[in-house]
Amino acid sequence: MSTPTRTPKPVAKPRAKRKRQTAKLPINEILLGDCIDQLKALPDESVDLVFADPPYNLQLDGDLLRPNNTRVDGVHQDWDKFKDFAAYDAFSRAWLGQCQRVLKPSGALWVIGSYHNIFRIGTALQDLGFWIHNDIIWRKSNPMPNFRGRRFTNAHETLIWAGRDQAARVTYNYDAMKAGNDDLQMRSDWLFPICGGPERLRDHEGRKAHPTQKPEALLHRIILATTHTGDTVLDPFFGTGTTGAVAKRLGRQWIGIERDPAYAAHAEMRIEKVKPLTGDATAISQSKRTAPRVPFGTIIELGILAPGTRLVDEKRRFKAEVRADGSLAFKGQQGSIHRLGAEVQGKSACNGWTFWHVEAGGKLKSIDLLREQARRELGLGGPSQSVVAGE
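Reading the values: the criteria
- Within each chain, residues carry numbers counting from 1 in the order of the written sequence.
- The predicted origin of the model limits local features to residues at a pLDDT of at least 70 and limits the giving and counting of side-chain atom pairs to 80 or more, whereas totals for whole chains, interfaces and linings rest on all residues.
- Note that the side-chain values use all heavy atoms of the structure and ignore hydrogens as well as water.
- Per the convention used, a helix needs a DSSP run of H or I reaching at least four residues, while a strand needs a run of E reaching at least two, with both numbered from the N terminus.
- Whenever a nitrogen or oxygen atom comes within 3.5 Å of another N or O atom, the pair is scored as a polar contact, on the condition that within protein one atom can donate a hydrogen and the other can accept it, and that pairs from neighbouring residues in sequence are kept only if both atoms are in side chains.
- Pairing between two strands requires that DSSP report at least two bridges joining them.
- Axis lines are fitted through C-alpha atoms, for helices just across the contact stretch, and the angle between N-to-C directions can take any value from 0 to 180 degrees.
- Any two residues whose heavy atoms approach within 4.5 Å at even a single point are treated as in contact.
- Here's how the labels work: a residue is buried when its accessible area is under 20% of the maximum for its type, exposed when over 50%, partly exposed in between, all with a 1.4 Å probe on protein chains only.
- A pairing counts as a salt bridge when a side-chain nitrogen of Lys or Arg comes within 4 Å of a carboxyl oxygen of Asp or Glu.
- A score from 0 to 100, pLDDT tells how confident the predictor is in each residue.
- Under this scheme an angle from 65 to 115 degrees is roughly perpendicular, one under 35 degrees roughly parallel, and one over 145 degrees roughly antiparallel; angles in between are oblique.
- Here is the rule for handedness: rotate from the far helix to the near one, and if that takes an anticlockwise turn smaller than a right angle the crossing is left-handed, while a clockwise turn gives right-handed.
- Under the scheme applied here, ten amino acids are nonpolar (Ala, Val, Leu, Ile, Met, Phe, Trp, Tyr, Cys and Pro), four are charged (Asp, Glu, Lys and Arg), and all others, including Gly, are polar.

1. Focus: the side chain of threonine 226
Reasoning step 1: One can find threonine 226 in helix 5 (residues 216-226).
Reasoning step 2: Here tryptophan 110 takes part through its side chain, which lies 3.2 Å from a polar atom of the side chain of threonine 226.
Reasoning step 3: A polar side-chain atom of threonine 226 sits 2.7 Å from the main-chain carbonyl oxygen of isoleucine 222.

2. What to know about the sheet that holds strand 2 (residues 47-52)
Reasoning step 1: On the basis of which strands lie adjacent, the open sheet formed by eight strands has the order 1-8-7-2-3-5-4-6 and mixed pairing. Lying at the two open borders of the sheet, with one neighbouring strand each, are strand 1 (29-32) and strand 6 (189-192). Direction aside, the axes of adjacent strands within the sheet are offset by 20° on average.
Reasoning step 2: Across the sheet, helix 6 (residues 242-249) is in contact with strand 2, strand 7 (232-235) and strand 8 (253-258); its angle to strand 8 comes to roughly 170°.
Reasoning step 3: Packing against the sheet, helix 7 (residues 261-272) makes contact with strand 1 and strand 8, and its axis sits at approximately 175° to strand 1.

3. Points about helix 11 (residues 368-377)
Reasoning step 1: All of the buried residues in helix 11 are Asp368, Leu370, Arg371, Gln373, Ala374 and Arg375.
Reasoning step 2: Backbone geometry just after helix 11 places glycine 379 at a positive phi near 80°.

4. Observations concerning the pattern of salt bridges
Reasoning step 1: Inspection of the entire model under this criterion finds 21 salt bridges.
Reasoning step 2: Among the salt bridges present, the one from aspartate 127 reaches arginine 93, with a minimum N-O distance of 2.9 Å. Within this pair, whereas aspartate 127 is found in helix 3 (residues 118-128), its partner arginine 93 is found in helix 2 (residues 85-102), the two being separated by 34 residues in sequence.
Reasoning step 3: Linking arginine 187 and aspartate 189 is a salt bridge whose minimum nitrogen-to-oxygen distance equals 2.9 Å.

5. Concerning the confidence of the model for the protein
Low-pLDDT portions of the prediction should not be read for the details of their coordinates.
Reasoning step 1: When pLDDT is averaged across the protein, the result is 86; 84% of the residues are at 70 or more.
Reasoning step 2: Across residues 1-17, where pLDDT falls below 50, the model places zero contacts with residues more than four positions away in sequence or in other chains.
Reasoning step 3: Note that pLDDT drops below 50 for residues 382-391; the model gives that stretch 24 contacts with residues more than four away or on any other chain.

6. Some details on the packing of helix 5 against helix 6
Reasoning step 1: Where helix 5 contacts helix 6, the axes come no closer than 9 Å and their chain directions differ by 55°. The orientation of helix 5 with respect to helix 6, classified from their angle, is oblique. In this structure, the crossing between helix 5 and helix 6 has a hand that is right-handed. For the pair helix 5 and helix 6, contact is made by Glu216, Leu219, His220 and Ile223 and by Thr242, Thr243, Ala245, Val246, Ala247 and Arg249, respectively.
Reasoning step 2: Here the contact of helix 5 with helix 6 is composed, by residue class, of five nonpolar, three polar and two charged.

7. A closer look at the side chain of threonine 227
Reasoning step 1: Residue placement: threonine 227 occurs in the loop between helix 5 and strand 7.
Reasoning step 2: Engagement of the side chain of threonine 227 in a polar contact is seen with the backbone oxygen of isoleucine 223, the distance being 2.5 Å.
Reasoning step 3: Leave out the neighbours within four places in its chain, and threonine 227 touches Leu49, Thr171, Asn173, Val233 and Arg252.

Below you can see the structure in the form of C-alpha cells.
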C-alpha cells in the first residue's frame, strides 16, 4: 500500500524590517521632551551627524566649595543624577542606540565627556557596533582650578568621533582642516578656552543659563570637519543651543532635543539672532582626489588646448607636443601626460598634471589649471575663468 504524497507547506519568508517613517523631519526645530522619546519619533537614516553632550554623571555628594567657603557654580541639576552606574549605562545605550538608528549609512556621531563618563560611553559605542575613528582631547586654555588641592587640575575633556558602523563612509574634510591649520595635518589635541564672556548665556539674575555650555569654536571645528553644507546635525542634549547656532551660521540644518523649557527658550532666542553665512563663505576646501575626473583628452576636445601646442616642464628641460588624441610626443616617444612625464625623467611614475606646463601670458602655468577650467565648462565647478594658452 503506497503512502499518499503530501504537498509541503510553503515556508513563510521572514518579513523585512520596515523603516520607521514620519511625515516630516523637524528641521531647524527644538523638540521639547525626553531625548529617548523624541529620538524614537524620528525616521530611520535621516540625519548626517549627531553631536551629543550627555549628562556627566558627576556623582557629587554635596556642594563644591572654594578655599574661602564660597560655593562653586557647578553641575548640581537633577538631570545629572543617576541611581548607579547600571542606570547610567542603560540610559547611555538607549540614546546611543536610537542615534545609531537615525543616522544615515554614511553618518557619524560625536560625543563629549569627562573622566566620569566618557570611558563607559566608549564601551557602549563599541558594544553597539559604532566604529571609532578618533578620540580628541579638548585642552582648555582656562580650566577651572582644582580647589581642594587633592588631584591634578582637570584641564581637558575627551571627544569620541565614530561612524554609525564599520562600513560607514563618514565625511572628513581633510583638506579644509589642513588649510585652516597652516597646511599642517590637524592633530587630535585641540586648544580652546571654556565658554565665557559675551558668548556665555546668563539668566535675568546674571547666573549661567546652563552649567556646561560648550564654546562655539569647538562646534565650529567639528561641523566644518565632518559635514557638508546642507547636512542635518542632530543634538539630543541641546541645552542652550550651541550646536544649532553654529550649524545655522555654517549653512547646515539642525535638530535639537531638550527636556528643560528654560534651556530651550534660551536656545530659541539665541539661534534666532544668528545670521547664516552667505555665498561661498561656507565652501569647503576640496581634495583633488574627490574632484570629478576630467581626462586630458577632454581638454583637447573642449578646445581649451589645441593640438600642436608645446608643453614644457617647470625648468623647460623637456618640450613635448600635444597630439589630437590627447597624447604627448617627445623625440620619437609618445604617451599620456603621466607616462611620458615619467619616461623623460627616467622615473617609474609621474603626475603629468603638475609636471607639464603651458605658456600663457608670457608665464608658465600648470596644465592642472586647464583641468579646473574644463570642470567649470562641464558644469562640475564654479564660474568659468579661461586660461589662454599659446606656444
